[in-house]
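Observations on the model geometry
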Amino acid sequence: MSKNIVFDMDGVILDSERLILTIWEFIGHEHGIPTLRDTMYKCIGVTKDKTREIMLETYGPDFPYEELRKEASQQFKDRTKKDGVPVKTGAREFIQYLKTNGWQIGLASSTLHETIQAELEFLGMYKFFDHIVSGEMVRESKPHPEIFFKACEMMGSKPEETYAVEDSKNGVRAAAMAGLKVILVPDVVLPDEDTERLCWKKFPDLSEVRRYFNTKDLEN
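Here, residues in each chain are numbered from 1, in the same order as that chain's written sequence. Reporting in this predicted model follows two pLDDT cut-offs: at least 70 for local features of residues, and 80 or more for side-chain atom pairs to be given and counted; totals over whole chains, interfaces and linings ignore these cut-offs and use all residues. Side-chain measures were taken over the full set of non-hydrogen atoms in the model, leaving aside hydrogen atoms and water.

**Details of the sheet that holds strand 5 (residues 181-184)**
Pairing between two strands requires that DSSP report at least two bridges joining them. Helical segments are the DSSP runs of H or I of at least four residues, strand segments are the runs of E of at least two, and each set is numbered from the N terminus. The six strands are arranged 3-2-1-4-5-6 in an open sheet whose pairing can be described as parallel. The sheet is open, and its two borders are formed by strand 3 (131-133) and strand 6 (201-202), each paired with just one other strand. Running at roughly 160 degrees to strand 3, helix 7 (residues 146-155) makes contact with strand 1 (4-7), strand 2 (104-108), strand 3 and strand 4 (163-166) of the sheet. Contacts: residue pairs with any heavy atoms within 4.5 Å of one another. Interaxial angle, 0 to 180 degrees, is taken between N-to-C directions of lines fitted to C-alpha atoms, where a helix line uses only the stretch in contact.

What follows is the structure, given as structure tokens:
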């Protein structure tokens, strides 16, 4: 059995998406844009450029996205300055289990590499990842499969022999289109039936994924 696995970061390893939505909701109220949280909800799992595109399509070409993005980024830094970004239930233990058992661990995230490195190093988790594909390394945003093709290329693994751990519809579609075995661990965006049909397995959290990996024949 090939031991290759690729994680998304936000919403899978880090419990960041709820905080991000809360911050954009606050900014929306501050600037008189009550729908801003709902619009950001549509941007979960996509790149910064795609988020900008969605915002401008929604609010018009004069929408001050860059100004508000910087404000949101600063609030995020302020709120996580002391303890870092919260880690999802079971994430640290599962990744340590994989490392101990000889798995090759990749990361495929739409977030910029500088941010990925800073957040994971703060938590002492950056060292666990053998290969990282970040948002600026790909042309297309999820649900396009490019980021997973690139992750498998870097890892030297065949997509059909590689697992992907995702939380969002866009991430699941991207991984499934690339041919990986998709493990769905839902976060703030609940999956629809079409999304669930694309998955190999679904679990409530990463602790349950670890228990399954520890007790089951993964070829089935």
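**Here's the deal with the side chain of Gln-75**
With respect to the helices and strands, the residue Gln-75 is situated in helix 4 (residues 65-80). Given a relative accessible area of 15%, Gln-75 falls into the buried group. Apart from residues lying up to four places away in sequence, Gln-75 is in contact with Ile-23, Phe-26 and Ile-27. Per-residue accessibility, obtained with a 1.4 Å probe over protein chains only, is compared with the maximum for each type, and a residue is labelled buried under 20%, exposed over 50%, and partly exposed between these values.

**Considerations on the layout of surface pockets**
Space inside and on the surface of the protein is sampled on a 1 Å grid over the protein atoms alone, with a cavity defined as a set of points where a 1.4 Å probe fits but cannot get out and a pocket as an open set with protein on both sides within 12 Å along at least 5 of 7 lines; lining residues have an atom within 4 Å of a point. Grid points are joined across faces, edges and corners, and a volume is the space filled by probe spheres set on the points. Space inside the largest pocket adds up to approximately 1,200 Å³. Considering the residues around the largest pocket, the lining is formed by 35 residues, among which Ile-20, Ser-73, Thr-111, Thr-115 and Glu-119 are closest to the centre. Listing elements by their share of the lining of the largest pocket, those giving two or more residues are helix 1 (17-30), helix 3 (48-59), helix 4 and helix 6 (113-122). Counting residues per element, the lining of the largest pocket draws most heavily on helix 4, which supplies seven residues. Under the scheme applied, nonpolar residues are Ala, Val, Leu, Ile, Met, Phe, Trp, Tyr, Cys and Pro; charged residues are Asp, Glu, Lys and Arg; polar residues are all the others, including Gly. In the lining of the largest pocket, the residues fall into 14 nonpolar, 11 polar and 10 charged. The volume enclosed by the second largest pocket comes to roughly 190 Å³. Its residues assigned to classes, the lining of the second largest pocket comprises two nonpolar, four polar and six charged.

**Re the packing of helix 1 against helix 4**
Between helix 1 and helix 4, the least distance of the axes is 10 Å, while the angle of their chain directions is 125 degrees. Comparing their axes, helix 4 and helix 1 come out oblique. Both helix 1 and helix 4 take part in a crossing whose hand is right-handed. In this structure, helix 1 uses Leu-19, Ile-20, Thr-22, Ile-23, Trp-24, Phe-26 and Ile-27 to contact helix 4, whose residues at the interface are Tyr-65, Leu-68, Arg-69, Glu-71, Ala-72, Gln-75, Phe-76, Arg-79 and Thr-80. Residue classes in the contact of helix 1 with helix 4 are distributed as 10 nonpolar, three polar and three charged. The scheme is simple: roughly parallel for angles under 35 degrees, roughly antiparallel for over 145, roughly perpendicular for 65 to 115, oblique for anything else. A clockwise turn of the near helix away from the far one marks a right-handed crossing, whereas an anticlockwise turn of less than a right angle marks a left-handed crossing.

**Description of the pairing of strand 5**
Where strand 4 lies against strand 5, four bridges are found, and the strand directions are parallel. Across the sheet, residue Val-165 finds its bridge partner in strand 5, namely Ile-183. Note that the unit made of strand 4, helix 8 (residues 169-178) and strand 5 has a crossover that is right-handed. Judged from the two bridges that link them, strand 5 and strand 6 form a sheet pairing that is parallel. Counted as the bridge partner of Leu-184 is Lys-202 from strand 6. By definition, the crossover connecting two strands over a helix is right-handed if that path, from the first strand to the second, turns clockwise as seen with the strands pointing away from the viewer.

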